[in-house]
Amino acid sequence: MSSIHSVKRSQSHLAWDNSITPAIRVSSGSTVSFDCLDASNGQITATSTRASLASLVFAQLDQVNGPVFVEGAEPGDTIRVDVLDVQAADWGWTALIPGFGLLADEFSEPALKIWSLERSGEGTDEGYGHAWFDKEKGIRIPLRPFAGEMGVAPGKPGAHSTIPPYATGGNVDTRHLSKGATLYLPVEVEGALFSIGDGHAALGDGEVCGTAIETPMNVTVRLTVLRDKPYVKTPHFTTHSPHRHDEEFYCTTGVDSDIREATRAAVRHMIAFLVAEHALSREEAYMLCSVAGDLRMHEVVDMPNYVIGMMLPKSIFVKHTET
């Protein structure tokens, strides 16, 4: 039988560094629960306003909880991370932060949205819950919480920022790593030194404005050492679809010889659609794309141009406003 352990909110760090003393040591196959603050490290709260963004200390962002030393893990092994449960707080936030995001050059002013996160009733088939983007306009976002940061320490010595992703994981911001998913990470140091954080209640593939529905979370995973997967050199995972099987989408595309510019164009066109058809401001539309829109590579072989799409599920546009 696997043992159960916990990592406290205070047991966190702000860099991937293989010299950090482990918060706890566990045997392979152990279950570990983590109590995590949001990506702002508690700087943004449920009562924050747009003015709060001016005082953000960026050096304190994207902390992770851990590290967990997994006994028996050696360089060349793989850590299997089974995501057993993820519980979000009852609130979250999405922000436009000047200088950050795919269209940072087009959105220079800060903006902040505070969300109320509503859980579904027990025994319903409505998933984890939902959050209203705009109740009056009937725009509602389904919630599927997950940890944006999951990783192990890199073999290269020194402190490595938690902001970018790495071959050993880190800020992969992959919404498919929700409850029931399994992540595989390559081990580069003894004990693996696993850490986790950056709770999200919902996110679109791409997280284009730079933030999702950021939220504190409690997450439980099982950590197992594997020695039969030498091909795992970057994060691999198994998951199930986040969309219902009959979901319909509205899609925009970007076409360009530069794949980044094609991506920017696809998002820009979706923003224009949302402004024209759903009476959103450009800032609101950009945030909505970040929490609900999925970027897709549609065409990558017929050079010189790439086709990148943004897909928005039609189900977020509720036909009538609930009371």
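Structure shown above.
Computed from a predicted model, the values in this text were never measured in an experiment.

**So, the pattern of salt bridges**
Here is step 1: Scanning all chains against the criterion turns up 15 salt bridges.
Here is step 2: Measuring nitrogen to oxygen at the nearest pair gives 2.9 Å for the salt bridge that ties aspartate 82 to arginine 80.
Here is step 3: When its relative accessible area of 6% is taken as the criterion, aspartate 82 is described as buried.
Here is step 4: According to the relative accessible area criterion, arginine 80 is partly exposed, its value standing at 30%.
Here is step 5: Residue aspartate 205 pairs with arginine 175 through a salt bridge whose shortest N-O separation is 3.3 Å. Here aspartate 205, found in the loop between strand S18 (194-202) and strand S19 (213-214), pairs with arginine 175, found in the loop between strand S16 (169-171) and strand S17 (182-186); they are 30 residues apart in sequence, far enough to count as distant.
Here is step 6: Exposure remark for arginine 175: the relative accessible area of 10% places this residue in the buried category.
Here is step 7: Overlapping salt bridges, with partners in common, bring together Asp105, Glu106, Glu261, Arg264, Arg268 and Arg282 in one network.

**Observations regarding the nonpolar core**
When a protein is soluble and globular, its nonpolar side chains tend to lie buried together.
Here is step 1: In this structure, Ile141, Val267, Leu274, Tyr286 and Leu288 are the most contacted members of the largest nonpolar core, which totals 40 residues.
Here is step 2: Sorting the residues of this core by element identifies strand S9 (111-116), strand S11 (129-134), strand S12 (139-143), S18, helix H1 (259-278), helix H2 (282-292) and strand S24 (306-313) as the ones contributing at least two each.
Here is step 3: Contact partners of valine 267, with chain neighbours within four places excluded, come to Leu102, Leu103, Val208, Tyr286, Leu295 and Met310.
Here is step 4: Membership of the second largest hydrophobic core comes to 29 residues, among which are Val7, Val26, Val81 and Met217.

Rules of the game
Residues numbered from 1 in each chain as written. Predicted model: local features only at pLDDT ≥ 70, side-chain atom pairs only at ≥ 80, totals over all residues. Heavy atoms only, no water. Salt bridge = Lys/Arg side-chain N within 4 Å of Asp/Glu carboxyl O. Buried < 20%, exposed > 50% of the residue type's maximum accessible area, 1.4 Å probe, protein only. Helix = DSSP H or I, 4+ residues; strand = E, 2+ residues; numbered from the N terminus. Core = buried A, V, L, I, M, F, W, Y, C linked by side-chain atoms within 4.5 Å. Contact = heavy atoms within 4.5 Å.

Any functional reading would require information that these geometric values do not contain.
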